[in-house]
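Tertiary structure, described
Residue-level listing of the chains:
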Amino acid sequence: MGSNSLKNPLLFSDEVEPGYVKNSSFLKSSVKWGLKIVMWVIFIAWVGVIFLYPGEIGSQLVEKIINATNGSVFGTSGSLFLVFSAPILLIAILAVAHLIISGEHVFEKSKSSKKPGFRLWTFPVLVDGPFGVVSAAEFIGITLFVVFIIWAMYAYTLRNISLLTLFDISSSETGRLMLELTGLRCGMLGLLCLIFLFLPVSRGSLLLRLIDIPFEHATRYHVWLGHLTMMLFTLHGLFYVIGWTMNGTLVKELLDWKRVGIANLPGVISLLAGLFMWVTSLHPVRKDYFELFFYTHQLYVVFIVFLALHVGDFVFSIVAGAIFIFMLDRFLRFCQSRTKVDVLSAKCLPCGTVELVLSKPQSLQYNALSFIFLQVRELSWLQWHPFSVSSSPLDGKHHLAILIKVLGGWTARLRDSILSMSEPELSKTTITASVEGPYGHETPYHLMYENLILVAGGIGISPFLAILSDILHRINDGKPCLPRKILVVWAVKKSDELPLLSSIDMESICPFFSNKINLEIDIYVTRESGPSMEEGKVHVASSSSCPFSGRSMSPLVGTGNNLWSGLYVIISTVGFIILMALLRIFYIKPYNVSTWWYLGLLFIACMVTSVVIFGGLVIGLWHLWDRKASANDKDEDIDRIKVESTPSYGTVEDKDLTQNNPESSTIIQYGTRPDFKGVLVCGPPTLQSSVAKEIRSHNIRRQKHDTIFHFNSHSFDL
């Protein structure tokens, strides 16, 4: 690849006529920008209505919209759905078009600048605070939410005072009513926050893919919003409990289940479920009792259903949009995770690491920064564990590899199962895997910079093996790839982990790669003062081959087919609207159904039914299409899978790394740790804090070439 190609966007191959490329590129760019503008306008208007709603102006605006639209078949619930839920669903549908038009990501060399670099999404503003390391963009979002809560409580308080002046009641009765009105307002604020709560945890959501924020990073937004939402709902319930106690009707009110109006008992059940989730999600509990946190969090089903019973259909329609997007994502993940996946090979490496090579269809796309959730049914039907992908998508079209460090009970049982498979008398042992994902960044950031600094500790080298393999494949195949200078800094406890780096044969992937790329590997063995006596001894991994039955990963989730993903969202949404219309025309109106909690239950039932029936229809057609597409070269695929699963992931031996990769500069240092002074990385919370202090306290300037410092799944680019 010539140097001139690095100066221009890497778009198309040379086989495409330049004139066609220019026109096509201009048209695509124009449509994409048009879609972006429309989505931004909808989003800003939507957020603006939510922000203004607690005040007189916002409430009057919403009331006008309701008066103008509630004459439709959907009634008041349809009007509120149109205002608060429809915009986010419309953005999701437009995101489908944007992702389809965008296709494969295009990247180009970042323009160098001598001015200090500052980017909202990566520059840390808060360090060591209650939110951890907070970037400038995140700080702006937190500030806006704080301003919103303060403004809303102020506006609601003024409205409460104005409302109380209309009644001639005693001061004690005024205080009680003020408590209940404040509780009502806290509940409304909680609903407005709940609108956003489910969006960050929709793992395969088109919205997260649109803004290219992987869900593992967006989860922190769910945590922040969860604390805020549950605080408001707790105050909502607490103020009412105090008011009912003052009035002497506490037990009666708690058990009340009205036909028309708010049903209190479902609200109590919903709040208790939320409190269980909230308490078990606090850091000390989640850290020491993760399974308790995980299983208790499944109470979100109880929380949502009884919330709908508590407030009825028209109030629940305020939060229905985000919950519907979460339902779509959850059902898609459920369907994918039910598929059994062939384990093409399983190995136990001498360093206490397990390697699994899984079968995948050619249609399932991912990049080198992806990770998956893995379930092994012989070990547990409930446990799912995340693992970084250690193979490049260019290593083979029909397989995917992961490295698993044996650290706990589940991984120890997995290792024992693999070892037993290699013994003839225990050869009947099998491994049945299920996979969810791949997840991760939509954009291959590791290909967008000339200089890369990759910092890893122990098994953290796994995603960087995928990155190195991906870069070498692209350079060898002449595909778009900007990196030309790579520094790998790897810290391990003991030297028995060193063979992990030899699991990719760089020379076979890209012969004479040192002529095309400058690769430097600095390894630090922290708990040994020098090379072990057995360093020259070959340690062969225990490996087991598994029978291939044609079962591959499902392509439903991850960076898969944008067209089918879009059809799934669009048809499910349209199906929900059709079901609601039919329900109101043929059941609710003819039979004059007016019970609030029952209408809320019907609303939830329509959401679930549309996802299962209409979404399930799309998923079924998606599977048929995928089978038909892969059936054309089925026999060729089987042979190719068997071949591809061997070379890059063969037996790992304990070799001298400097001899294994003679063309690369590999330095191994014993009894020392890497000195990150002047090197910026991002990783666990403690490391994030120390690094963020360095970034904030120094005047960071762009160098001659842009550099990305990457640790695990997060990065600061400078």
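Residues numbered from 1 in each chain as written. Predicted model: local features only at pLDDT ≥ 70, side-chain atom pairs only at ≥ 80, totals over all residues. Heavy atoms only, no water.

- An unreviewed UniProt entry annotates the protein as ferric-chelate reductase (NADH) of Gossypium davidsonii.
- Under Catalytic activity (unreviewed entry), UniProt gives the following word-for-word description of the protein: "2 a Fe(II)-siderophore + NAD(+) + H(+) = 2 a Fe(III)-siderophore + NADH".
- Under the UniProt heading Cofactor (unreviewed entry), the entry covering the protein gives this text: "FAD". (UniProt positions renumbered as here; feature names shortened; annotations may be inferred.)

1. Some remarks on the layout of surface pockets
- What the second largest pocket holds in volume is close to 1100 Å³.
- Along the walls of the second largest pocket sit 41 residues, with Leu184, Met188, His236, Ile262 and Val311 positioned nearest its centre.
- Where the lining of the second largest pocket is concerned, the elements lending two or more residues are helix H2 (56-69), helix H5 (136-164), helix H6 (171-197), helix H8 (215-247), helix H9 (250-254), helix H10 (264-281), helix H13 (300-311) and helix H14 (313-316).
- Tallying contributions element by element places H8 first for the lining of the second largest pocket, with 9 residues.
- A per-class count over the lining of the second largest pocket returns 27 nonpolar, 9 polar and 5 charged. (1 Å grid on protein atoms, 1.4 Å probe; cavity = no way out; pocket = protein on both sides within 12 Å on 5 of 7 lines; lining within 4 Å. Points joined across faces, edges and corners; volume = space filled by probe spheres on them. Helix = DSSP H or I, 4+ residues; strand = E, 2+ residues; numbered from the N terminus. Nonpolar A, V, L, I, M, F, W, Y, C, P; charged D, E, K, R; others polar.)

2. Here's the deal with the pattern of salt bridges
- What the rule picks out here adds up to 12 salt bridges.
- Where Glu56 meets Arg159, a salt bridge forms, and the shortest distance between an N and an O atom there is 3.9 Å. Taken together, the positions of Glu56 in helix H2 and Arg159 in helix H5 put the pair 103 residues apart, joining distant regions of the chain.
- The partner of Arg333 in a salt bridge is Asp329, with the nearest N and O atoms 2.8 Å apart. With Arg333 and Asp329 both in helix H15 (residues 320-337), this residue pair falls 4 residues apart, about one helical turn.
- Taken together, the shared-partner salt bridges connect Arg203, Asp329, Arg333 and Glu436 into one network. (Salt bridge = Lys/Arg side-chain N within 4 Å of Asp/Glu carboxyl O.)

3. Focus on the packing of H6 against H8
- Two elements in contact, H6 and H8, have axes whose closest approach is 8 Å; the angle formed by their N-to-C orientations is 160°. Comparing their axes, H8 and H6 come out roughly antiparallel. The handedness of the crossing between H6 and H8 is left-handed.
- Considered class by class, the residues forming the contact of H6 with H8 number 19 nonpolar, 11 polar and 2 charged. (Axes fitted to C-alpha atoms, helices over the stretch in contact; angles between N-to-C directions. Parallel < 35°, antiparallel > 145°, perpendicular 65-115°, else oblique. Left-handed = near helix turned anticlockwise from the far one by under 90°.)

4. Some thoughts on the side chain of Ser469
- Of note, Ser469 is situated in helix H17 (residues 462-477).
- Beyond its immediate stretch of four places on either side in the chain, Ser469 contacts Ser392, Asp395, Ile504 and Ile509. (Contact = heavy atoms within 4.5 Å.)

5. Focus on the sheet that holds strand S6 (residues 385-388)
- Pairing in this open sheet of 3 strands is antiparallel, and the strands run S6-S5-S8 from one edge to the other. For this open sheet the edge positions go to S6 and strand S8 (433-439), each flanked by a neighbour on one side alone. Averaged over all pairs of adjacent strands, the angle between strand axes in this sheet comes to 30°, irrespective of strand direction. (Pairing = 2+ DSSP bridges.)

6. Details of unusual backbone geometry
- At the junction of Gly437 and Pro438, the peptide bond is cis and its omega measures out at 0° in the coordinates.
- With a phi close to 50°, Asn592 is a non-glycine residue in the positive phi region.
- On the secondary structure map, Asn592 appears in the loop between helix H19 (562-588) and helix H20 (596-631).
- According to the relative accessible area criterion, Asn592 is exposed, its value standing at 62%. (Buried < 20%, exposed > 50% of the residue type's maximum accessible area, 1.4 Å probe, protein only.)

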